[in-house]
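So you can see what is in the structure, the chains are spelled out below.
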Amino acid sequence: MNITQSEKLYAQALDFMPGGVNSPVRACRSVGRTPLFIDRAEGSKIYDVDGNEFIDYICSWGPNILGHKQPDVVKAVTSACQNGLTFGACHSGEIELAELIRKNMPSIEMLRLVNSGTEAVMSAIRAARGFTKRDKIVKFEGCYHGHSDGLLVKGGSGLLTNSIPNSAGVPKGYTDTTLLAKYNDEESVQQLFDNCGDEIACVIVEPCAANMGVVPPKKGFLKFLREITEKHGSLLIFDEVITGFRLSLGGAQKLYGVKPDLTTLGKIVGGGMPLAVYGGRKEIMECVAPLGSVYQAGTLSGNPVAVSAGIATLKILEKNKDSIYPELERKSAKIENAMKNAGLNVNRVGSIMTAFFTDKKVVDYDTATTADTKRYAEYYNHLLENGIYAAPSQFEAMFVSFAHTDDDIEKTCQVIESFK
Ligand SMILES: *Cc1c(COP(=O)(O)O)cnc(C)c1O
């Protein structure tokens, strides 16, 4: 594979940006490769600057559920641009998008549009703390909720000790109020609530974890979280930045039948533009300024161009939900099957999946991190050399889109099955 132009650009980029990238995983360090510089993308395909063509299973890390450059989405965005790129003021698109979201996720009675998943989660947690007048939060090891200070934590010496920052630049005090529990481990949550349940503002969780690789919730786990938070007057936040509009039109909360107090959305909801959402029960959202005393604002929040992409995407998903979601399931199941034929250990929920290079059943962070990342790098390289663009890290999901054709899927299955 010729990657001369990418190598040239990467050498230049290294001089301007840390690691040559604007988000660390793109540097491809864990698979030991030069990042490819992308020229363009269309449908299921992505093309680098050297003219190599790949079937794309990163899909911009989730947003492109309809594939790249979906014509109706591009048309909506182009047309929105004609009216101005940003107003910093109210416009009717905000209402239209909010309506589409609430209709499909009724737990979101009231919401705010923001610019990134990080911002959505940070704001949702602030609202939860403001509403409950409590400081502590519970998060799960291996779940990712963006890069705000209080969420960049790792465990202390024991579960009941306070967590410590896992990034330099985060003051110890910022993570003192973040308690860590184990995904799929009810006992670890129970212990935290036994210890200080009346100080816990909220539990935040990826209802199907997808940032330590895909790790589905075990049966009853989300219901348990619903019950224990309710019992202690804490809020339950579902971070559906990946799962929202992906696992079903109503997200993971619809799929698993558990209703959170607050939800965060990103990725798909912006249709490929920088847009995210936090929202939930009306009485909680009414704590947000100017109605209440929880401050949150944004110059570009509700940006008309981003909103137009979100509306167009959600409209397509809504109109075609009876074909899109079953198709995603059918195609994804084929890939899962090919992985199993190749002897891989795969976790899949709908159109997200991860092949883990471990013999252990992956149910949480501890089991996920038993994976052999060197072996994953070999797998990644095998895929890439054969025209399949997958995540350059063991601990990410493979995303299937509606644009993937049966030919794409067939080719992908062949490449996976030929991995030795
Ligand atoms: C991607 C992601 C985020 C962060 O979103 P950004 O837009 O990258 O800030 C938060 N939570 C989850 C579950 C995510 O997958």
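Calculation rules
Residue positions are given per chain, counting from 1 as you read along its sequence in written order. The predicted origin of the model limits local features to residues at a pLDDT of at least 70 and limits the giving and counting of side-chain atom pairs to 80 or more, whereas totals for whole chains, interfaces and linings rest on all residues. Values reported for side chains reflect all heavy atoms of the structure, with hydrogen atoms and water molecules removed beforehand. UniProt positions are given in the numbering used here, feature names are shortened, and annotations may be inferred rather than shown by experiment. What counts as a helix is a DSSP run of H or I of at least four residues, what counts as a strand is a run of E of at least two, and both are numbered from the N terminus. Residues count as neighbours in contact if any of their non-hydrogen atoms are within 4.5 Å of one another. Being paired, for any two strands, means DSSP has found at least two bridges between them. Axis lines are fitted through C-alpha atoms, for helices just across the contact stretch, and the angle between N-to-C directions can take any value from 0 to 180 degrees.

## Structural notes on the UniProt feature "modified residue: N6-(pyridoxal phosphate)lysine" (unreviewed entry) in the chain
Under the UniProt annotation, the feature "modified residue: N6-(pyridoxal phosphate)lysine" (unreviewed entry) is placed at Lys-267. Tracing the chain through its elements places Lys-267 in the loop between strand S11 (262–265) and strand S12 (276–280). Beyond its immediate stretch of four places on either side in the chain, Lys-267 contacts Trp-61, Gly-62, Pro-63, Val-241, Ile-242, Gly-272 and Leu-275.

## Notes on the sheet that holds strand S8 (residues 178–181)
The mixed open sheet is built from 7 strands, whose spatial order is S4-S12-S11-S10-S9-S5-S8. Both outer strands of the open sheet, strand S4 (110–114) and S8, are each paired with one neighbouring strand and no more. Neighbour-to-neighbour, the strand axes of the sheet open up by a mean angle of 20°, direction not taken into account. With 4 bridges joining them, strand S5 (residues 136–140) and S8 adopt parallel strand pairing. Each bridged residue has a counterpart across the sheet, and for Phe-140 the counterpart in S8 is Ala-181. Helix-sheet contacts for helix H3 (residues 92–104) involve S4, S11 and S12, and the interaxial angle to S4 is about 125°.

## Structural notes on the sheet that holds strand S3 (residues 53–56)
Read across the open sheet, the 4 strands follow the order S1-S2-S3-S15; overall the sheet is mixed. Only two strands of the sheet have a single neighbouring strand rather than two, namely strand S1 (38–42) and strand S15 (388–389). Sheet topology note: the S1/strand S2 (residues 45–48) ladder contains 4 bridges and is antiparallel. Paired with Glu-42 across the two strands is Lys-45, which belongs to S2. Relative to the sheet, helix H14 (residues 406–417) contacts S2, S3 and S15, its axis offset from that of S3 by approximately 95°.

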